[in-house]
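What the coordinates show
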Amino acid sequence: PHPLSICICCPTQSFNMADMKSKFFNSLSRAKQYTGEKLGKAEKTVYDSDFEHLQGQLDVIKATTDKVLKHTTTWLEPNPNRRLEASFRQRMKRPTAQKMTEVEALGHSLLEASDAYGREGYYGKALADTGRVQIELGERWQHLNAVVTDRFQQPLKTFLADDVKTAMGERKALATARLDLDAVKARSKKAESGTDDKRQQVEEELRNKQEAFDKQYETVKMLLENVQRKNDEQIHRLVTLVDAQHDYFAAAAEATATLARDIRSMAGVEPPRYAAATPQSAGVTAADSGAADMTTAKVLCNYETNDPSGLSLVADEVVLVHRQDGLPEGIVLAEKDGVTGRVPLEILDLETN
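Description of the structure in this document. (Residues numbered from 1 in each chain as written. Predicted model: local features only at pLDDT ≥ 70, side-chain atom pairs only at ≥ 80, totals over all residues. Heavy atoms only, no water.)

1. As for the overall build of the protein chain
- Within the protein chain one finds 9 helices and 5 strands.
- Taken from N to C terminus, the helices and strands of the protein chain fall in the order α-α-α-α-α-α-α-α-α-β-β-β-β-β.
- Taking all 353 residues of the protein chain together, the buried fraction comes to 30%.
- Long-range contacts, defined as pairs at least 24 residues apart, comprise 68% of the intrachain contacts of the protein chain with a sequence gap of at least 6.
- Taken as a whole, the protein chain presents about 22800 Å² of accessible surface, with 56% of it coming from carbon and sulfur. (Helix = DSSP H or I, 4+ residues; strand = E, 2+ residues; numbered from the N terminus. Buried < 20%, exposed > 50% of the residue type's maximum accessible area, 1.4 Å probe, protein only. Contact = heavy atoms within 4.5 Å. Areas by Shrake-Rupley, 256 points an atom, 1.4 Å probe, with all protein chains shown as cover.)

2. Here we look at the pattern of salt bridges
- In this structure the tally under the stated criterion is 15 salt bridges.
- Across the pair Asp59 and Arg171 runs a salt bridge, and its minimum N-O distance is 2.9 Å. With a gap of 112 residues between them, Asp59 in helix H3 (residues 49–76) and Arg171 in helix H6 (residues 122–191) connect regions that are remote in the sequence.
- In this structure, Asp115 engages Arg119 in a salt bridge whose closest nitrogen and oxygen atoms are separated by 2.8 Å. (Salt bridge = Lys/Arg side-chain N within 4 Å of Asp/Glu carboxyl O.)

3. Here's the deal with helix H8 (residues 235–267)
- The end-to-end C-alpha distance of H8 is 47 Å, a good match for the 48 Å that 33 residues give at a rise of 1.5 Å each.
- All of the buried residues in H8 are Leu241, Ala244, Tyr248, Ala251, Ala252, Ala255, Ala257, Leu259 and Met266.
- Looking one or two residues past H8, Gly268 carries a phi angle of roughly 70°, positive in sign. (Expected span 1.5 Å × (residues − 1).)

4. Structural notes on a negative patch on the surface
- A grouping of Asp48, Asp50, Glu52, Glu211, Asp214, Glu218 and Glu225 is seen on the molecular surface, where their side chains present a negatively charged patch.
- Those elements that provide at least two residues to the negative patch are H3 and helix H7 (196–232).
- Per-element accounting of the negative patch gives the leading share, 4 residues, to H7.
- By secondary structure assignment, the location of Asp50 is in helix H3.
- Residue Asp50 is classed as exposed on the basis of its relative accessible area, which comes to 55%. (Patch = residues over 30% accessible without salt bridge, like charges linked within 9 Å, V, L, I, M, F, W, Y side chains within 5 Å. Lys, Arg positive; Asp, Glu negative; His and termini not counted. Charge placed at Lys NZ, Arg CZ, Asp CG, Glu CD.)

5. A look at the packing of aromatic side chains
- Following the criterion strictly, the structure yields 9 aromatic pairs and no others.
- An angle of 5° between the planes, with centres 6.3 Å apart, marks the rings of Tyr47 and Phe213 as stacked. Placement of Tyr47 in the loop between helix H2 (11–38) and H3 and of Phe213 in helix H7 is noted, with a sequence separation of 166 residues between them. By the burial criterion, Tyr47 is buried, and Phe213 matches it.
- Through a chain of ring-to-ring contacts, three or more aromatic side chains come together here, namely Tyr47, Phe51, Phe213 and Tyr217. (Phe/Tyr/Trp six-rings, centres within 6.5 Å; stacked < 30°, edge-to-face > 60°.)

6. Here's the deal with the nonpolar core
- Residues Phe51, Val148, Val164, Leu174, Phe213, Leu224 and Val227 are the most contacted members of the largest nonpolar core, which totals 29 residues.
- Put simply, the parts of the chain that give this core at least two residues each are H3, H6, H7 and H8.
- In contact with Phe213, not counting residues within four places along its chain, are Thr45, Tyr47, Leu174, Ala177, Arg178 and Leu181.
- Residues Val299, Val332, Val343 and Ile347 belong to the second largest nonpolar core, which totals 11 residues. (Core = buried A, V, L, I, M, F, W, Y, C linked by side-chain atoms within 4.5 Å.)

7. A few points about the environment of Val321
- Within the secondary structure, Val321 is located in strand S2 (residues 318–324).
- Taking the relative accessible area as the measure of exposure, Val321 reaches 0% and is therefore buried.
- Here the alpha-carbon distance between Val321 and Val343, two residues 22 residues apart in the chain, equals 9.5 Å.

8. Topic: the packing of helix H5 (residues 102–117) against H6
- Two elements in contact, H5 and H6, have axes whose closest approach is 7 Å; the angle formed by their N-to-C orientations is 160°. In terms of their interaxial angle, H5 and H6 are classed as roughly antiparallel. Read as a crossing pair, H5 and H6 show a hand that is left-handed.
- Along the lines of polarity and charge, the residues of the contact of H5 with H6 split into 11 nonpolar, 9 polar and 3 charged. (Axes fitted to C-alpha atoms, helices over the stretch in contact; angles between N-to-C directions. Parallel < 35°, antiparallel > 145°, perpendicular 65-115°, else oblique. Left-handed = near helix turned anticlockwise from the far one by under 90°. Nonpolar A, V, L, I, M, F, W, Y, C, P; charged D, E, K, R; others polar.)

9. A look at the packing of H3 against H6
- Orientation of H3 relative to H6, taken along the N-to-C sense of each, is 155°, at an axis distance of 10 Å. Here H3 is positioned roughly antiparallel relative to H6, judged by the angle of their axes. Taken as a pair, H3 and H6 cross one another with a handedness that is left-handed.
- Of the residues that constitute the contact of H3 with H6, the class distribution is 18 nonpolar, 7 polar and 5 charged.

10. Examining the pairing of strand S3 (residues 331–336)
- Bridge analysis of S2 against S3 gives 3 bridges, and the strand direction is antiparallel. Each residue of the ladder has a partner; that of Leu320, found in S3, is Glu335.
- Connecting the antiparallel pair S3 and strand S4 (residues 339–344) is a turn made up of 2 residues, with Asp337 showing a positive phi of about 55°. (Pairing = 2+ DSSP bridges.)

This is how it looks when you write it as C-alpha cells:
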C-alpha cells in the first residue's frame, strides 16, 4: 500500500495529525493576538504593579549575577588562555589541572638565582628568603581561589541554573498562557452575535484558558518571590568572599612585612617614609623600624627642605620625634600628620616624654 494510505488509516497517525493541527491553530492565534497588541488593535491582560516589579527584578538579578560571576572568574584567573582551558575542561567534565601561579613561578626563579649565587652572602640569602615568601603567597592564593570558587561562585551558579532558570521558563509559559487567554477573549466578543452553540463553546474555552492562566500566574509569582528571597540571602556568600580576601591579604601583609624588615636589615636601608604613617597596615611598629626612643617637640622656626628624605616644618608646630640609630649627628626623624622625614635637631625644642 501507498505510505499515504497508512498515514490516513492509522489511528495513531490521525491523532498526531489532529494534535499538530491544534498546535498550529494555537500558534497562529497567539501570533495574531501578539501582532494586534503591537499595533494597538487588541486588548491585553495587564499584570499588577507588584508582579511587574518582580519580573523586572528577575532580569536584573540574572544580568548582575552573570556579571559578578564573569568578573570574579577574571579576577581569580587573569590569563584568558587558562580561563578558556578551564572552561573547556569543565564542559568536557574533566578535572581542572592546578597550575603554578605567576608569583610561585617568580619565587622558584628567585630560589634558583639564590642557588646559583650561593647563600653565604646577603644577596643570595635575601633572594632565598624572598623566593620562599613568593611561593607561600602563591600557595595562599591557590587556597583563596579554591574557597572563592567553591563557596562563592558555585552557589551563585547553582542559583542561576536552578531558581532563576526555572522562574524564567515558567514566566515564558505564563506569557503563552496570557496570549491564549486574550486571544479567546477577542473571539468571545465576536461570538456574542453567533449561535448559542458557538457562544457556549467559546465561553467554555475562555473558562479553561482563564483557569490555566490564573494557575500559571500564581506559580510564577511564587517563583519570582523565591528568587528575590534567595538573592537577598546571597549576602552570606559575599561574607565568604570578603573573609577569604581578608585572610589572604592579612597573611600576605604579615609575611611581606617580616621579609621587608629582614632584607632592609641586611641591606642597611632605612624604613620608607610612609612606614610610620601606616605601621599597622604594614605590620611594622616603631620598635621594628629601629627607633630607640620617641618624644614630642615644638618647632622653633620655619624649616624648608627639598631633600626627599627631609620634612618641611612650620614654627610652633608640635611634632613626634623618633630617635634612631644610624642617623647623622644632629639629625632626627620627625613625624607630622603621619609623614616622617629628617630634620635638624637644633630647630626643635624637645619635651619630656
